[in-house]
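Each chain, written out:
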Amino acid sequence: MKNTHKLTLTAMMIAIGTISSNLFYIPIGFTKVFPIQHFLNVLSAVLLGPYYAVAQAFCVSLLRNIMGTGSPFAFPGSMVGALLASLLFLKTRKIYLAFFGEVIGTGIIGAMLCYPIATLLLGQKATLFGFIPLFTFSSFAGALIGFVILTVFLRKKVVKIEEPQAKM
């Protein structure tokens, strides 16, 4: 896929994530659960690769925070999930591992990274493992949608995943 095509697809995913964040999110405590971000993370991890996936996650998180539909917890959760999903897919070329990478990256690692943000930056009382159930539920739901859609699209040949380039 050419870089212009990847950049355009990334921009479209950022737009979808930003617009849908106004329509669909679940406020739980001082977090705002957003499964569509995890769906987009799996899509961008498989279709675009790690750089574009992390950039997409960062831009959606930034725009959601600017518009007031996100929280600072969106950054570590979405970016770590997108990175782990794309790295696992890049190494194995298995969509189910992109799914697991998103759930583990967001649901466990990203949730644990939110602890210092909550306690040090926001002054909220939180436990180290307190974010894990919320983030895991959200990432599982969104990543599952992404997994199903990618599986159907690949089976119907709507999208094609390019093979990694050989290094010379």
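Residues numbered from 1 in each chain as written. Predicted model: local features only at pLDDT ≥ 70, side-chain atom pairs only at ≥ 80, totals over all residues. Heavy atoms only, no water.

(A) Spatial organisation of the environment of F89. With respect to the helices and strands, the residue F89 is situated in helix α4 (residues 74–92). Taking C-alpha positions, F89 is 7.2 Å from A45, a pair spaced 44 residues apart along the chain. Non-local contacts of F89, meaning those with residues more than four positions away in its chain, are made with A45, V46, K94, I95, A98 and I161. (Helix = DSSP H or I, 4+ residues; strand = E, 2+ residues; numbered from the N terminus. Contact = heavy atoms within 4.5 Å.)

(B) Just the packing of aromatic side chains, in detail. Counting across every chain of the model gives seven aromatic pairs. Centroid distance Y96 to F100: 6.4 Å. Interplanar angle 85 degrees. Geometry classified as edge-to-face. Pair noted here: Y96 and F100 are both in helix α5 (residues 95–121), with a separation of four residues, about one helical turn. (Phe/Tyr/Trp six-rings, centres within 6.5 Å; stacked < 30°, edge-to-face > 60°.)

(C) Molecular detail of helix α1 (residues 3–23). Given a rise of 1.5 Å per residue, 21 residues ought to cover 30 Å, and the 30 Å separating the end C-alpha atoms of α1 matches this to within 8%. Those residues of α1 that sit buried are K6, T10, M13, I14, G17, T18, S20 and S21. In this structure, the buried side of α1 is in contact with α2 (35–47) and α3 (50–67). (Expected span 1.5 Å × (residues − 1). Buried < 20%, exposed > 50% of the residue type's maximum accessible area, 1.4 Å probe, protein only.)

(D) Summary view of a nonpolar patch on the surface. A contiguous nonpolar patch, built from Y96, F100, I104, I108, I109, M112, L113 and F129 and spanning about 710 Å² of accessible area, is present on the exposed surface. Take L113: it is sitting in helix α5. Residue class for L113 comes out partly exposed when judged on its relative accessible area of 42%. (Patch = residues over 30% accessible without salt bridge, like charges linked within 9 Å, V, L, I, M, F, W, Y side chains within 5 Å. Areas by Shrake-Rupley, 256 points an atom, 1.4 Å probe, with all protein chains shown as cover. Salt bridge = Lys/Arg side-chain N within 4 Å of Asp/Glu carboxyl O.)

(E) Highlighting the confidence of the model for the protein chain. In this model, the protein chain carries an average pLDDT of 88, and 93% of its residues clear a pLDDT of 70 or more. Averaged over each element, pLDDT in the protein chain is lowest for strand β2 (residues 31–33) (68) and highest for α3 (95). (pLDDT = per-residue confidence, 0-100.)

(F) Local environment of the nonpolar core. If you look at the biggest cluster of nonpolar residues, it comprises 19 residues, and the most contacted ones within it are M13, L43, V46, L47, F89 and L150. Elements with a contribution of two residues or more to this core: α2, α4, α5 and α6 (132–155). Once you skip the residues sitting within four places of it in the chain, M13 turns out to touch L40, L43, S44, L47, L48, Q56 and V60. Counting residues in each nonpolar core, the second largest holds eight residues, with A111, C114, F131 and I132 among its members. (Core = buried A, V, L, I, M, F, W, Y, C linked by side-chain atoms within 4.5 Å.)

(G) Here's a closer look at the environment of L113. Separated by 61 residues in the primary sequence, L113 and Y52 place their C-alpha atoms 22 Å from one another. The residues contacting L113, other than those within four sequence positions of it, are P76 and V80.

(H) Main features of unusual backbone geometry. Phi angles above zero are rare outside glycine, and R93 is one such case at about 60 degrees. Here R93 is to be found in the loop between α4 and α5. A positive phi angle, close to 60 degrees, is found at K157, a residue other than glycine. Along the chain, K157 turns up in the segment after α6.

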